[in-house]
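Structural overview
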Amino acid sequence: MAVAKQTRHTTSAKRILRIHDGEPDMGELRELLGFNLALASAIFVRDVNAACGEFGISAKQYAVLSMIANNYGISQVDIAAVLMTDRATMMAIVDRLEARKLITRERSMIDRRRQHLILTPRGTEVLERARRAIRQSEQRLLRRLSPKDARRLRELLRRLREPV
C-alpha cells in the first residue's frame, strides 16, 4: 500500500489538508504543452550537464561551442539571439570559454565593434568528446520512443520554433 503524502493548500478561510496517494496530482498541468516541454527540457538539460560535466562545461557552454564550430567566426550577439540568451549571460559564457582557452575572439576587420568567435584546437577536442557523451545521453532519454516517434518529435519541435 502506498504511503499517503500530505500537502497544505491555503484558502482565505482556513487551511485544508489534502491527501495524495503516490505522486501529487498535476491537474491541468498534465495537459499544458508548454509545461510538458519545460519538464522534458529540464530532464534533457540535467542529463546534458551531467554528460558535459566530465569535460568541465555546461549544456549552455556546449551549445555555444557547437554554434561556433558550425558557424566559423560567428559573433556572440548572433549566438545569443539564436539561443535566446541575454547579452550579459552570453558575455559571461564566452569569457569562461576564452579563459579556458576553448575559444578565441578576433576583431572584425569590417566592424571593429564586432568580435568573431573561433574554436581553438583544445575547444574542438572538448566539443567532440562532449558530443559523444551527449549523443549517448540523448539515446538513453529517447529509449522511451520508437525511432519514428523520435524523428516526428524533432520535426514537430522544429516547427514550433519557426516564426509564425
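All of these numbers come straight from a predicted model, not from anything done at the bench. (Residues numbered from 1 in each chain as written. Predicted model: local features only at pLDDT ≥ 70, side-chain atom pairs only at ≥ 80, totals over all residues. Heavy atoms only, no water.)

If you tally the helices and strands in the protein chain, you get 6 helices and 4 strands. A burial count over the protein chain gives 26% of its 164 residues as buried. In the protein chain, of all internal contacts separated by at least 6 residues, the share reaching a separation of at least 24 is 41%. On the protein chain, roughly 12200 Å² of surface is accessible, and the fraction owed to carbon and sulfur atoms is 55%. (Helix = DSSP H or I, 4+ residues; strand = E, 2+ residues; numbered from the N terminus. Buried < 20%, exposed > 50% of the residue type's maximum accessible area, 1.4 Å probe, protein only. Contact = heavy atoms within 4.5 Å. Areas by Shrake-Rupley, 256 points an atom, 1.4 Å probe, with all protein chains shown as cover.)

This part is about helix α2 (residues 59–70). Taking 1.5 Å of rise per residue, 12 residues should cover 16 Å, and α2 covers 16 Å from first to last C-alpha, within 8% of that figure. Listed in full, the buried residues belonging to α2 are Ala59, Gln61, Tyr62, Val64, Leu65, Ser66, Met67 and Ile68. Packing partners of the buried residues in α2 comprise α1 (33–53), α3 (76–83), α4 (87–99), β3 (103–107), β4 (115–119) and α5 (121–142). (Expected span 1.5 Å × (residues − 1).)

By size, the foremost hydrophobic cluster in this structure holds 27 residues, and its most contacted members are Ile57, Leu65, Ile68, Ile79 and Ile103. Those elements that provide at least two residues to this core are α1, α2, α3, α4, β4 and α5. Of the residues forming this core, the biggest block, 6 residues, is contributed by α2. (Core = buried A, V, L, I, M, F, W, Y, C linked by side-chain atoms within 4.5 Å.)

Taking 1.5 Å of rise per residue, 21 residues should cover 30 Å, and α1 covers 30 Å from first to last C-alpha, within 8% of that figure. Of the positions making up α1, those classed as buried are Val48, Ala51 and Cys52. Taken around the axis of α1, the buried residues stretch over an arc of 85°, which confines them to a single face. Residues of α1 that are exposed and point more than 90 degrees away from the buried face comprise Arg46 and Ala50. (Arc of directions from axis to C-beta.)

Moving on, we get to the environment of Gln61. Along the chain, Gln61 falls in helix α2. Here Gln61 falls in the buried class, since its relative accessible area comes to 8%. With 29 residues separating them in the primary sequence, Gln61 and Met90 have C-alpha atoms 9.3 Å apart. Those residues in contact with Gln61 that lie beyond four places of it in its chain are Gly56, Ile93, Arg96 and Leu97.

Another aspect to go through is a nonpolar patch on the surface. Together, Leu33, Leu37 and Leu160 make up a nonpolar patch on the protein surface, roughly 280 Å² of accessible area in all. Position of Leu160 among the secondary structure elements: in helix α6 (residues 147–161). (Patch = residues over 30% accessible without salt bridge, like charges linked within 9 Å, V, L, I, M, F, W, Y side chains within 5 Å. Salt bridge = Lys/Arg side-chain N within 4 Å of Asp/Glu carboxyl O.)

Turning to its location among the elements, Thr85 is positioned in the loop between α3 and α4. From its side chain, Thr85 meets the backbone oxygen of Leu83 in a polar contact 3.3 Å long. Thr85 has contacts with Lys60, Ala80 and Met90, leaving out every residue within four places of it along the chain. (Polar contact = N/O pair within 3.5 Å; in protein donor to acceptor, adjacent residues only side chain to side chain.)

The residue Ser137 is located in helix α5 in this model. Not counting chain neighbours up to four residues away, the residues in contact with Ser137 comprise Asp47, Val48 and Ala51.

So, on to unusual backbone geometry. The residue Met84 is not glycine, and still its phi comes out positive at about 55°. Within the secondary structure, Met84 sits in the loop between α3 and α4. You can call Met84 exposed: its relative accessible area is 77%. With phi around 60°, Lys101 is a residue other than glycine that occupies positive phi space. On the secondary structure map, Lys101 appears in the loop between α4 and β3. Classification of Lys101 by relative accessible area gives exposed; the value is 56%.

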